[in-house]
Amino acid sequence: MSSDSKRARSTVGTNHESMRQRNLMVMIQTIHAEGPLSRAELTARMQLAASTVGDLLSELESVGFVVVEEPTRRRTAGRPSPLVRADSGRVRVLAADVGGDHISAGAFGLGGTMLSRAQAATPRSHDPEDVARVTSELLERLVADLAPESELLGIGVGVAGVVGKDETVRFAPHLGWHDVAFADLLRARLTAPLLIRVANDADLGALAEHRRGVAVGVANVLYVGCDDFGVGGGLIFNGVPYRGAGGFAGELGHMLIDPHGRRCQCGRDGCWETEIGLARVAETLELGDSDLSRVRQALANLDENPPALDRVGTYLGLGIASLVNILNVDLVVLGGSLRDLYPVVKRTTDSAFSRAALPALQELATIVPSGIGSDAVLVGGCEMVVSSVFEGPVRALADVDTCSVAGYRTGVGHGGSRSSEGGPGQGASSR
Ligand SMILES: [Zn+2]
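Note that this is a predicted model, so its numbers are computed, not measured.

What's the story with the overall build of the protein in this structure? I'm lost.
Scanning the protein from N- to C-terminus turns up 14 helices and 17 strands. For a compact globule of 431 residues, the expected C-alpha radius of gyration is about 22 Å, and the protein comes in at 23 Å, within 12% of that figure. Expressed as lengths along the three principal axes of its C-alpha atoms, the size of the protein is roughly 85 × 50 × 45 Å. The burial tally for the protein puts 46% of its 431 residues in the buried class. Residue pairs at least 24 apart in sequence account for 67% of intrachain contacts in the protein once pairs closer than 6 positions are excluded.

Just checking my understanding: could you explain the packing of helix H4 (residues 128–144) against helix H5 (residues 182–189) for this structure?
How two helices pack is summed up by the angle between their axes together with the distance between the axes. One can describe the packing of H4 onto H5 by two numbers: an axis separation of 9 Å at closest approach and a directional angle of 55 degrees. Viewed along their axes, H4 and H5 adopt a mutual orientation that is oblique. Considering the relative orientation of H4 and H5, their crossing is right-handed. Listed contacts from H5 to Pro128, Glu129, Ala132, Arg133, Thr135 and Ser136 of H4 are Phe182, Leu185, Leu186 and Arg189.

Teacher, can you tell me more about the packing of helix H9 (residues 292–300) against helix H11 (residues 337–356) here?
Following both chains from N to C, one finds H9 and H11 inclined at 15 degrees, their axes separated by 9 Å at the closest point. Relative to H11, the element H9 lies roughly parallel. In the packing of H9 onto H11, the handedness of the crossing is left-handed. For the pair H9 and H11, contact is made by Leu292, Val295, Arg296, Leu299 and Ala300 and by Ser337, Asp340, Leu341 and Val344, respectively. Its residues assigned to classes, the contact of H9 with H11 shows six nonpolar, one polar and two charged.

What should I look at first to understand the environment of Glu61 in this one?
Looking at the secondary structure, you find Glu61 in helix H3 (residues 50–62). With sequence-adjacent residues up to four places away left out, Glu61 is seen in contact with Val66, Val67 and Val68.

I tried to follow the nonpolar core on my own but got confused; where do I start?
By size, the foremost hydrophobic cluster in this structure holds 117 residues, and its most contacted members are Ile155 and Val332. Ranked by the residues each element gives to this core, the list is headed by helix H13 (residues 376–390), at nine residues. Every residue in contact with Ile155, bar those within four places of it in the chain, is listed here: Leu94, Ala95, Ala96, Leu139, Leu194, Leu195, Ile196 and Val385.

When you look at H9 in this model, what are you seeing that I'm missing?
Residues spaced three or four apart along an α-helix face the same direction, because each turn holds 3.6 residues. Along H9, the positions that sit buried rather than exposed are Leu292, Val295 and Leu299. One face of H9 carries all of its buried residues, which in axial projection span an arc of 65 degrees. Structural note: H9 exposes Ser293, Gln297 and Ala300 on the side pointing more than 90 degrees away from its buried face. Taken together, the buried residues of H9 touch strand S12 (221–227), helix H8 (278–284) and H11.

In this structure, what is going on with the pairing of strand S9 (residues 169–172)? I would like to understand it.
A regular strand places its side chains so that they alternate between the two faces of the sheet. In this sheet, S9 lies alongside strand S8 (residues 162–163) in antiparallel orientation, the contact comprising two bridges. Considered in S9, the bridge of Val162 is made with Phe171. In sequence, S8 turns back onto S9 through a hairpin of five residues, with Glu167 there showing a positive phi of about 70 degrees. One ladder, built from three bridges, connects S9 with strand S10 (residues 177–180); its direction is antiparallel. Within the sheet, the bridge partner assigned to Phe171 lies in S10 and is His178. Following S9, the chain reverses through four residues before pairing antiparallel with S10; Gly176 in that reversal takes a positive phi of roughly 70 degrees.

What is the right way to read the pairing of strand S15 (residues 331–336) from this model?
The element S15 is extensively covered by neighbouring structure, given that six of its six residues are classed as buried. Across four bridges, the pairing between S15 and strand S16 (residues 366–369) is parallel. When the sheet's bridge partners are listed, Leu331 is paired in S16 with Thr366.

Would you mind going over helix H10 (residues 310–327) with me for this structure?
When the terminal C-alpha atoms of H10 are compared, their 26 Å separation across 18 residues agrees well with the 26 Å that a helix rising 1.5 Å per residue should span. Taken residue by residue, H10 has Val312, Gly313, Thr314, Tyr315, Leu316, Gly317, Leu318, Gly319, Ile320, Ala321, Leu323 and Val324 as its buried positions. The positive-phi residue at the C-terminal boundary of H10 is Asn328, with phi of around 50 degrees.

For this particular structure, what's the right way to read the sheet that holds S16?
The strands making up a sheet associate through backbone hydrogen bonding, with each pair oriented either parallel or antiparallel. One open sheet holds the five strands; their spatial order is S14-S13-S12-S15-S16, and the pairing between them is mixed. If you trace the sheet from one side to the other, it starts and ends with strand S14 (240–242) and S16, each paired once. Adjacent strand axes in the sheet meet at a mean angle of 25 degrees, parallel and antiparallel pairs treated alike. Strand direction decides the pairing type here: S12 and strand S13 (residues 230–237), joined by seven bridges, are antiparallel. Bridge pairing in S13 links Val221 to Ile236.

What exactly am I supposed to notice about the domain arrangement of the protein here?
The parts lose accessible area when they come together, and the size of an interface is often stated as this lost area. Each domain of the protein was delimited in the assignment, giving domain 1 (3–85), domain 2 (91–203 + 388–409) and domain 3 (214–369). Placing a centre on the C-alpha atoms of domain 1 and another on those of domain 3 gives a separation of 43 Å.

Can you help me understand unusual backbone geometry in this one?
Excluding glycine, most residues fall at negative phi; most peptide bonds, likewise, are trans. Here the phi dihedral of Asp179 falls at roughly 50 degrees; this positive angle occurs in a residue that is not glycine. Within the secondary structure, Asp179 is located in strand S10. Judged by C-beta crowding, with 9 C-beta atoms within 10 Å, Asp179 ranks as exposed. For Asn305, which is not a glycine, the phi torsion comes out positive at approximately 50 degrees. Among the structural elements, Asn305 can be located in the loop between H9 and H10.

Help me understand the confidence of the model for the protein in this model?
Parts of the prediction with low pLDDT should not have their coordinates interpreted in detail. Averaged over the protein, the pLDDT score is 89; the fraction of residues at 70 or greater is 91%. Ranking the elements of the protein by mean pLDDT puts helix H1 (residues 3–34) last, at 78, and S16 first, at 98. Confidence drops under pLDDT 50 across residues 425–431; counting only partners more than four residues distant or on other chains, this segment forms 36 contacts.

Here is what the cut-offs are and how they apply
Residues numbered from 1 in each chain as written. Predicted model: local features only at pLDDT ≥ 70, side-chain atom pairs only at ≥ 80, totals over all residues. Helix = DSSP H or I, 4+ residues; strand = E, 2+ residues; numbered from the N terminus. Rg over C-alpha atoms; globule rule 2.2 N^0.38 Å. Buried ≥ 20, exposed ≤ 12 C-beta atoms within 10 Å, placed from the backbone. Contact = placed C-beta atoms within 7 Å. Axes fitted to C-alpha atoms, helices over the stretch in contact; angles between N-to-C directions. Parallel < 35°, antiparallel > 145°, perpendicular 65-115°, else oblique. Left-handed = near helix turned anticlockwise from the far one by under 90°. Nonpolar A, V, L, I, M, F, W, Y, C, P; charged D, E, K, R; others polar. Core = buried A, V, L, I, M, F, W, Y, C linked by C-beta atoms within 7 Å. Arc of directions from axis to C-beta. Pairing = 2+ DSSP bridges. Expected span 1.5 Å × (residues − 1). Domains from an automatic or database assignment. pLDDT = per-residue confidence, 0-100.

Written out as structure tokens, the structure reads:
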């Protein structure tokens, strides 16, 4: 055989293998995003021969990424097709939501199913080391409940603050943080090293709604969330998270809405969140404090459009109108306490919105409450990790760097290493 034909044959082999690995990555993402799926549905989605899909599935099943279940009932006429699911496989993703009032954490199966959840009060000191300690304790409590043979893919963390592309928390007014490398603090507390990604909480809310909530399949989405004290925003443009030049896009809570308004936590006057945030709603309803669950309970007991909330409802509509005028989105998703507020003040808000939004833009935009609710940031954290790994630097199944729960407990951690930069939903990782 000539060296030319040897080279040609080896290139064919390499191309075949790289195509097979690419198909494995696409298959994991398809099952994660759309599963559980019948094998017939998966074959149609992948546009591959049934035998090729069978081979790829066998490989994913052998490493515990997916489970193929025999059908229990006939889904269509003809031979029933086995069901492919990722959530009952071995791979687990952790997520945490760090707010000014409380911290929550969740363990997910690949496929986006939340398997367990834990929550604790944010330390009153708001000291980053203390917050990292409580967050790591919550995460380790979740890991303790996982089967030893489970494989951990990583941790996605949402923080109520301005987070740069390098994943440093540049400014978190309600935590009093400036330039906090939270991933490093968390990593130092964990028993073994894991992939950790950090992003703004509202960016993760937007990602969650786009992948699993009311914004699935919608190209241009504005997510406005309000938790604990602050209002933040996340943007999806043309189906992709938009983070701006420095990664800080979407600080909607600090949009100036009344130059003579109240002093905001950020130090400026008249920010949008001083008019529509939890503290303002609690004060208007004379609740004494702005505890999220108390505000939710109070809103649930109100009749629609109570006069007391006219001002809050009007400012909610005016702010959304300004944003829609600038962004021309298809959908505005209201999360956190705004999910509970909007149905109560809907008439007032919609009326202010229709007065202030330009007709051509308002015709295209729909305002809806969040479909996921209070765990949107955790769901987004899981999605960020999955995207990081499968859309990011990993090119082959063997390179997917997981850590077994048994190994984690002994401090062994991952086998390999990765590094790059990015943001929610974009290929990236941070070790
Ligand atoms: Zn402000």
